[in-house]
Amino acid sequence: MTATTTDRDVAARPDRSRLILGVIASAQLMTALDATIVNIALPSAQRALGFGDAQRQWVVTAYTVCFAGLLLFGGRVADLFGRRRTFQLGLTGFGLSSLLAGLAPSLPVLAAGRALQGAFAALITPSVLSLLAVTFTEARQRARAFAVYGAVASSGAALGLLLGGILTEYLGWRWCLFVNVVLAVVVLAVGRAVLPDQPGTAVGGLDAVSAVLATGGLAAVVLGCGQAARDGWSSPVVISALMGGVTLLAAFAVRQRRVPDPMLPLRILADRDRAAACVAVGTAVVGAFGMFLMLTYHLQEVLRYSPARAGAAVLPMALANAVSGYQLGNRLMLRVAPRFLIAGGLLVAAAGLFLMTRLTPGSGYLVPILPAEILVGTGMGMLFPPSFQLAIRGVTHRDAGITSAVVNAATQVGSSVGTAVLNSLAVGATAAYLLSHPTTAPGRQAALVHGYATAIAWAAGLLAAMAAAMLVMIRSTQEKK
């Protein structure tokens, strides 16, 4: 059996299909981990490289902004040059850029390495999702594959916090980046042996101008939202960045209508169910990253957990996510209409976030953090598999890569913009609290927790509102057995 495995071969050989799914899930896990794996390591990296609090956000957002901004470009590359070839290029570049970031002697080199990681992740993700779409075509096999993929995609960020804490405490913060080199080598070797070698199917060329407009527009929006934490939403710098970002994104949209081979064919978003699925995963990620934002700082700054203990404390969320994604997603996708699964998942996650708004400096881990983690993890596991499957249902081989990029771009936009906005809301609420309360040590702790709770309340409200919207927006019935 050669690398030119066909869909019929995959269906006929369960062992090979499991290997293909393992490669796809491992690659997706690697890119999902890196959105959060350095979060817990940031204090150690900051002390080692000597950069300030205002600069540390770029270690995270350099990755997510380039990831989100270039995903559509990556999807186009996958359609033009073949998914397997694009996957291999992305893995190779991801490993090398991880090595660069891990060896960084200064913040600019670290941020550059993280940006390159995001750029190569933008090649990996649409490749693996489109490989999933065109490889697993039988209904039950497809549902199981998407359940695994959805669980990995939605739990990867939580697992990143766990792994980052362990590596930081026992090996050093640089190993949060070096670990990707090892993973990339292993996944690349197995992938070369088992992934189907499907040729490119799209026509036309690559539109670099559109890629620059999309990435630059998103970066400007994230910059504006992040800067609001320090300068306020009415700051001229914030307003200018937001207006500039919106202008670039509008220019991107206009260009997609006019060029003969657009990076984002608008026919893809013309499907109402697909557009709704993208909105759902983007919204869900705002809630998930809002949870991570609160937990990372509350566990370490308020409860004084070590990095490894703080990482372990989020493990129940990842476990609930994985169990929910595989059991609920796998079993119910063939029986329940997607809109009910997606809306239900958003509501369950919103309930977990609302629990977190009751947190006080005196609260322990068992109440309310643990039950909130389980609810958020369960909700995310319910909604991600049907959302991913709904988003790429009915696409042709020609559009599989770019459609996969669109749904993944929605998750990265949600994490990039959502994290920046929630952080600014938390900082603003903390500052307002301190104006009317004592600035003693207990008062500052109370102010921090109040800021976190305020940001999470906004996220919870957003998820609850979007759950209602999904019941109206999504029209698709359940997939037949």
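Everything numeric here is computed off the predicted structure, so don't read it as measured data.

1. A word on the overall build of the protein chain
Here comes step 1: If you tally the helices and strands in the protein chain, you get 17 helices and zero strands.
Here comes step 2: Against the 2.2 N^0.38 benchmark of 23 Å for 481 residues, the protein chain shows a C-alpha radius of gyration of 21 Å, consistent with a compact globule.
Here comes step 3: Along the first, second and third principal axes, the C-alpha atoms of the protein chain reach 70 × 45 × 45 Å.
Here comes step 4: Residues classed as buried in the protein chain amount to 57% of the 481 residues present.

2. Considerations on the pattern of salt bridges
Here comes step 1: Scanning the entire structure with this criterion turns up two salt bridges.
Here comes step 2: With a shortest N-O distance of 3.1 Å, Arg255 and Asp207 are connected by a salt bridge. Note that Arg255 is positioned in helix H10 (residues 236-258) and Asp207 in the loop between helix H8 (175-194) and helix H9 (208-231), a separation of 48 residues in sequence.

3. Describing unusual backbone geometry
Here comes step 1: Cis geometry is adopted by the peptide bond preceding Pro368, which originates at Val367 and carries an omega value of 5 degrees.
Here comes step 2: By secondary structure assignment, the location of Pro368 is in the loop between helix H14 (338-356) and helix H15 (369-392).

4. Topic: the layout of surface pockets
Here comes step 1: For the second largest pocket, the calculated volume is near 760 Å³.
Here comes step 2: As for the second largest pocket, its lining consists of 30 residues, of which Leu218, Ala409, Ala410, Val413 and Gly414 are closest to the centre.
Here comes step 3: Breaking the lining of the second largest pocket down by element, the ones donating at least two residues are helix H4 (57-81), H9, H10, helix H11 (272-302), helix H16 (400-435) and helix H17 (441-473).
Here comes step 4: Per element, the largest residue contribution to the lining of the second largest pocket is ten residues, and it comes from H16.

5. Examining the packing of aromatic side chains
Here comes step 1: Counted by the stated rule, this structure contains three aromatic pairs.
Here comes step 2: Measuring from ring centre to ring centre gives 5.6 Å for Tyr63 and Phe67, while their planes differ by 75 degrees; the resulting arrangement is edge-to-face. On the criterion of helical spacing, the pair formed by Tyr63 and Phe67 is a turn pair, its members being four residues apart in helix H4. Residue Tyr63 shares its accessibility class with Phe67, and that shared class is buried.
Here comes step 3: With a centroid separation of 5.7 Å and an interplanar angle of 50 degrees, the aromatic rings of Phe384 and Phe388 are classed as tilted. Linking Phe384 with Phe388, this pair stays in helix H15, spanning four residues, or about one helical turn.

6. As for the environment of Leu103
Here comes step 1: Mapped onto the elements, Leu103 comes out in the loop between helix H5 (83-102) and helix H6 (107-135).
Here comes step 2: The exposed category is assigned to Leu103, whose relative accessible area is 56%.
Here comes step 3: Through-space distance from the C-alpha of Leu103 to that of Ala310 is 25 Å; in sequence the pair is 207 residues apart.
Here comes step 4: Once residues lying within four places of it in the same chain are set aside, the contact partners of Leu103 are Arg174 and Phe178.

7. So, the side chain of Gln28
Here comes step 1: With respect to the helices and strands, the residue Gln28 is situated in helix H2 (residues 14-33).
Here comes step 2: Apart from the residues within four sequence positions on either side, Gln28 is in contact with Thr125, Val128, Tyr149, Val152, Ala153 and Asn408.

8. Considering the nonpolar core
Here comes step 1: Judged by nonpolar contacts, the single largest core of 108 residues is most densely connected at Phe87, Leu132, Leu346, Met356, Met380 and Met470.
Here comes step 2: Among the elements that take part in this core, H11 stands out by supplying 16 residues, more than any other.
Here comes step 3: Residue contacts for Leu346: discarding those within four places in its chain leaves Ala280, Ala284, Leu383, Leu463, Met466, Ala467 and Met470.
Here comes step 4: Grouped together as the second largest cluster of nonpolar side chains are 18 residues, Leu49, Ala101, Ala104 and Val179 included.

9. Remarks on empty space enclosed by the protein
Here comes step 1: Evaluation of the coordinates by the stated rule reveals three cavities of 30 Å³ or more.
Here comes step 2: Considering only enclosed or pocket space, the largest cavity measures out at about 220 Å³ in volume.
Here comes step 3: Lining the largest cavity we find 20 residues, and of these Ala153, Val285, Phe289, Thr411 and Gln412 sit closest to its centre.
Here comes step 4: Here the residues of the lining of the largest cavity are counted per class, giving twelve nonpolar, eight polar and no charged.
Here comes step 5: Estimates place the volume of the second largest cavity at around 60 Å³.
Here comes step 6: For the second largest cavity, the lining is made up of ten residues, of which Met333, Pro338, Pro386, Gln389 and Arg393 are closest to its centre.
Here comes step 7: For the lining of the second largest cavity, the element with the highest residue contribution is H15, accounting for three residues.
Here comes step 8: For the lining of the second largest cavity, a count of residues per class yields seven nonpolar, one polar and two charged.

10. Things to note about the environment of Ala211
Here comes step 1: Take Ala211: it is sitting in helix H9.
Here comes step 2: It is 26 Å that separates the C-alpha atoms of Ala211 and Asp197, two residues lying 14 residues apart in sequence.
Here comes step 3: Among residues more than four places away in sequence, those in contact with Ala211 are Gly69, Leu70, Phe73 and Met263.

11. Notes on H9
Think of an α-helix as 3.6 residues a turn; residues three or four steps apart then line up on the same face.
Here comes step 1: In this model H9 runs 33 Å from its N-terminal to its C-terminal C-alpha over 24 residues, within 8% of the 34 Å that 1.5 Å per residue would give.
Here comes step 2: Directly beyond the C-terminal end of H9, a positive phi value near 90 degrees is found at Gly232.

12. Examining a positive patch on the surface
Here comes step 1: Taken together, the side chains of Arg140, Arg144, Arg331 and Arg335 present a region of like positive charge at the surface.
Here comes step 2: Within the fold, Arg144 resides in helix H7 (residues 139-170).

13. Re the packing of H5 against H6
Here comes step 1: Where H5 meets H6, the axes come as close as 8 Å, and the angle between the chain directions of the two elements is 155 degrees. Classified by the interaxial angle, the pair formed by H5 and H6 is roughly antiparallel. Considering only the axes of H5 and H6, their crossing is left-handed.
Here comes step 2: Residue composition of the contact of H5 with H6, by class: 16 nonpolar, nine polar and two charged.

14. Some words on a nonpolar patch on the surface
Here comes step 1: On the surface, a cluster of nonpolar side chains totalling about 320 Å² of accessible area is made up of Leu19, Val182, Val186 and Val190.
Here comes step 2: By residue number, the principal contributor to the nonpolar patch is H8, which donates three residues.
Here comes step 3: In this fold, Val190 is placed in helix H8.
Here comes step 4: You can call Val190 partly exposed: its relative accessible area is 33%.

Cut-offs applied
- Residues numbered from 1 in each chain as written.
- Predicted model: local features only at pLDDT ≥ 70, side-chain atom pairs only at ≥ 80, totals over all residues.
- Heavy atoms only, no water.
- Helix = DSSP H or I, 4+ residues; strand = E, 2+ residues; numbered from the N terminus.
- Rg over C-alpha atoms; globule rule 2.2 N^0.38 Å.
- Buried < 20%, exposed > 50% of the residue type's maximum accessible area, 1.4 Å probe, protein only.
- Salt bridge = Lys/Arg side-chain N within 4 Å of Asp/Glu carboxyl O.
- 1 Å grid on protein atoms, 1.4 Å probe; cavity = no way out; pocket = protein on both sides within 12 Å on 5 of 7 lines; lining within 4 Å.
- Points joined across faces, edges and corners; volume = space filled by probe spheres on them.
- Phe/Tyr/Trp six-rings, centres within 6.5 Å; stacked < 30°, edge-to-face > 60°.
- Contact = heavy atoms within 4.5 Å.
- Core = buried A, V, L, I, M, F, W, Y, C linked by side-chain atoms within 4.5 Å.
- Nonpolar A, V, L, I, M, F, W, Y, C, P; charged D, E, K, R; others polar.
- Expected span 1.5 Å × (residues − 1).
- Patch = residues over 30% accessible without salt bridge, like charges linked within 9 Å, V, L, I, M, F, W, Y side chains within 5 Å.
- Areas by Shrake-Rupley, 256 points an atom, 1.4 Å probe, with all protein chains shown as cover.
- Lys, Arg positive; Asp, Glu negative; His and termini not counted.
- Charge placed at Lys NZ, Arg CZ, Asp CG, Glu CD.
- Axes fitted to C-alpha atoms, helices over the stretch in contact; angles between N-to-C directions.
- Parallel < 35°, antiparallel > 145°, perpendicular 65-115°, else oblique.
- Left-handed = near helix turned anticlockwise from the far one by under 90°.

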